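This is what each chain is made of:
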Amino acid sequence: MKIAIIGAGLSGLACASECEKLNVLPDIFERGDTIGWPWPTVTLELGLLSRNIGNPIQYIRENFNLSVKPHNQLKTIIMKSPNNEIKIEGDLGYSFVRGKGVAAIDQQLHNVLNRTVVHVNRPASLTEMAKKYDYVVVATGKDTEAAELGLWEDHGQISVIGGLAIGSFDPQLSTIYFNTDYAGTGYARVTPYSTTMATVELYVIGQGPFELEKRFSKFLRTEGLENLEFMFKNMPPVFQTGKVKRFKEGNILLVGRAAGLTDRLLGVGGLSAIMSGVYAARSIIQGLDYEELVKPLQDHVENMSAFRNIMENFTNDDYDKLLTLLGAPGIKQLVYNTKLNFSDLFGYIIKKLYGEQPPLNLTERREGY
Ligand SMILES: Cc1cc2nc3c(=O)[nH]c(=O)nc-3n(C[C@H](O)[C@H](O)[C@H](O)COP(=O)(O)OP(=O)(O)OC[C@H]3O[C@@H](n4cnc5c(N)ncnc54)[C@H](O)[C@@H]3O)c2cc1C
């Protein structure tokens, strides 16, 4: 059986590793000259967002026989809105390094491969691969291929600007900022790499990459971070979010961000990328139904994205209220320490914010999603 994987990011590498375990060696093509993102960053895997599966590291180890080492465990999150601030403590999730260094999760997944060679500097075209191979796994992190197949429903862009700053940080504490003055209804975050370095990033969601540098400067000024010294700043390519109508078309399977498995709430999708990559390999080699395997991941993304529909109408006052709600003792317990699934949690928060009857425009937006 001949399998081509286009893209050696998280989803492509996880797929290749599962293929190997099932005794099929795929051909994996990467357009970059090495493995790993060219813009080094520290990413987050928040327990809150993967609550339906419990501890994500343990989950992928037990279910996928895949061991990944986080960079740090996250013990404290501070959330700030213009006139409010809450602090949450506990086992809140993990941070991972992305990029080309040895500790990066991309490299960790690459190191798991024993016999599969990643062909770097090899941009691959879907049409060409679909003719040559029995199966093609699209792991490009882009909407292009799903759009080409007529399967992509667009849900807007996420633009990121940020960099690596030098300062004094607690490696287990991440700060998340909400303020429409610079983030629109996106957010900014400081995610430490070490006691002296942190990734400082602004995520602008749904508004296009307009005035990103101006917004980033405003964020730094507003939050008193203007004196941070940056080792480098970068602006990764804008990414599309969306939903695919199907995950498989003939001999082509879509995984990770190419399958729309990054949510529009925070722009998170690392775990779904890894899981969908493994599922694609299992489906191809073991004859399992890919749509059935991957649908729960899409449902999870959709549930989180539904929250975004509400946030699109948020003012700074709404963010202040949301933080008061998320910081209230009883709710803190419910939100961070239970296994209540995300859509139930979503319903609960909306009810608390708006009472039994959410404003009409919110209902319309949810139905129209
Ligand atoms: C700045 C930033 C921060 C993020 N932070 C988080 C976070 O904190 N937590 C989280 O869970 N998610 C985060 N995300 C979302 C992240 O994109 C996903 O978590 C994850 O990277 C998706 O994996 P993927 O394999 O689908 O795509 P990617 O990891 O992007 O990999 C795609 C690969 O395909 C290659 N490629 C593309 N086209 C071709 C082609 N034609 N031929 C050959 N190779 C090709 C690319 O070079 C790349 O290596 C972030 C995204 C960005 C941009």
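Residues numbered from 1 in each chain as written. Predicted model: local features only at pLDDT ≥ 70, side-chain atom pairs only at ≥ 80, totals over all residues.

## Observations concerning the overall build of the protein
Right, on to step 1. Of regular secondary structure, the protein possesses 13 helices and 15 strands.
Right, on to step 2. Residues classed as buried in the protein amount to 42% of the 369 residues present.
Right, on to step 3. Residue pairs at least 24 apart in sequence account for 72% of intrachain contacts in the protein once pairs closer than 6 positions are excluded. (Helix = DSSP H or I, 4+ residues; strand = E, 2+ residues; numbered from the N terminus. Buried ≥ 20, exposed ≤ 12 C-beta atoms within 10 Å, placed from the backbone. Contact = placed C-beta atoms within 7 Å.)

## Topic: the sheet that holds strand S14 (residues 248-249)
Right, on to step 1. Taken in spatial order, the six strands of this open sheet run S6-S2-S1-S7-S15-S14, and their pairing is mixed. Across the chains shown, the open sheet's two edge strands, defined by having one partner strand only, are strand S6 (118-119) and S14.
Right, on to step 2. Pairing of strand S7 (residues 135-138) with strand S15 (residues 252-254) involves three bridges; the strand directions are parallel. The residue bridging Val137 from the neighbouring strand is Leu253, located in S15.
Right, on to step 3. Its contacts with the sheet place helix H1 (residues 10-21) against strand S1 (3-6), strand S2 (27-29) and S7, and it is angled at close to 160 degrees to S1. (Pairing = 2+ DSSP bridges. Axes fitted to C-alpha atoms, helices over the stretch in contact; angles between N-to-C directions.)

## So, the environment of Gln107
Right, on to step 1. Here Gln107 is to be found in helix H3 (residues 105-112).
Right, on to step 2. Separated by 94 residues in the primary sequence, Gln107 and Leu13 place their C-alpha atoms 9.4 Å from one another.
Right, on to step 3. Not counting residues within four places of it along the chain, the set of residues in contact with Gln107 comprises Ile35, Gly36, Gly101 and Val102.

## Topic: the environment of Thr262
Right, on to step 1. Here Thr262 is to be found in the loop between S15 and helix H8 (270-286).
Right, on to step 2. Along the backbone, Thr262 and Leu297 are 35 residues apart, and their C-alpha atoms lie at a distance of 9.7 Å.

## Notes on the environment of Lys218
Right, on to step 1. Position of Lys218 among the secondary structure elements: in helix H7 (residues 212-222).
Right, on to step 2. With 36 residues separating them in the primary sequence, Lys218 and Tyr182 have C-alpha atoms 6.1 Å apart.
Right, on to step 3. Sequence-distant contacts of Lys218, defined by excluding residues within four places in its chain, comprise Asp181 and Tyr182.

## As for unusual backbone geometry
Right, on to step 1. Even without a glycine there, the phi angle at Asn23 is positive, about 65 degrees.
Right, on to step 2. Examined against the element boundaries, Asn23 turns out to sit in the loop between H1 and S2.
Right, on to step 3. Residue Asn23 is classed as exposed on the basis of its 9 C-beta neighbours within 10 Å.
Right, on to step 4. Even without glycine at this site, Asn65 takes up a positive phi of about 50 degrees.
Right, on to step 5. Looking at the element boundaries, Asn65 is found in the loop between helix H2 (56-64) and strand S4 (72-81).
Right, on to step 6. The exposure class assigned to Asn65 is exposed, which follows from the 12 C-beta atoms found within 10 Å.

## Side note on the nonpolar core
Right, on to step 1. Within the largest apolar cluster, 70 residues are counted, with the highest numbers of intra-cluster contacts made by Cys15, Val137, Val138, Leu253 and Val255.
Right, on to step 2. Top contributing element to this core by residue count: H8, with nine residues.
Right, on to step 3. If near-sequence neighbours (up to four positions away) are discounted, Val137 is found in contact with Ile3, Ile5, Gly12, Cys15, Leu253, Val255 and Ala280.
Right, on to step 4. Core analysis: the second largest hydrophobic core is formed by 16 residues, Ile161, Ala183, Ala188 and Ile205 among them. (Core = buried A, V, L, I, M, F, W, Y, C linked by C-beta atoms within 7 Å.)

## Details of H7
Right, on to step 1. Restricting attention to buried positions, one finds in H7 the residues Arg215, Phe216 and Phe219. Taken around the axis of H7, the buried residues stretch over an arc of 100 degrees, which confines them to a single face. Across H7 from its buried face, at more than 90 degrees, point the exposed residues Glu213, Lys214 and Arg221.
Right, on to step 2. Each element contacted by the buried residues of H7 is listed here: strand S8 (152-166), strand S9 (173-177), helix H6 (180-183), strand S10 (187-192) and strand S11 (197-205).
Right, on to step 3. Just past H7, the residue Gly224 takes up positive phi, approximately 70 degrees. (Arc of directions from axis to C-beta.)

## Quick look at the pairing of S1
Right, on to step 1. Going residue by residue along S1, you find Ile3 and Ile5 tucked away on one face and Ala4 and Ile6 tucked away on the opposite face as well.
Right, on to step 2. Relative to S7, S1 runs parallel, the two being bridged by four bridges. Residue pairing for S7: Ile5 is matched across the bridge by Val137.
Right, on to step 3. As paired strands, S1 and S2 are joined by three bridges and run parallel to one another. Residue pairing for S2: Ile6 is matched across the bridge by Phe29.

## What about the pairing of S8?
Right, on to step 1. Across five bridges, the pairing between S8 and strand S13 (residues 239-244) is antiparallel. The residue bridging Asp154 from the neighbouring strand is Gly242, located in S13.
Right, on to step 2. In terms of strand pairing, S8 meets S11 through nine bridges, oriented antiparallel. Across the sheet, Gly162 pairs through a bridge with Glu201, a residue of S11.
Right, on to step 3. In terms of strand pairing, S8 meets strand S12 (residues 229-234) through five bridges, oriented antiparallel. The residue of S12 that forms the bridge with Ala165 is Phe230.

## Here's the deal with the confidence of the model for the protein
Right, on to step 1. Scored by pLDDT, the protein comes out at a mean of 89, with 90% of its residues at no less than 70.
Right, on to step 2. Across residues 358-369, confidence stays below pLDDT 50; counting only partners more than four residues off in sequence or on other chains, it has ten contacts. (pLDDT = per-residue confidence, 0-100.)

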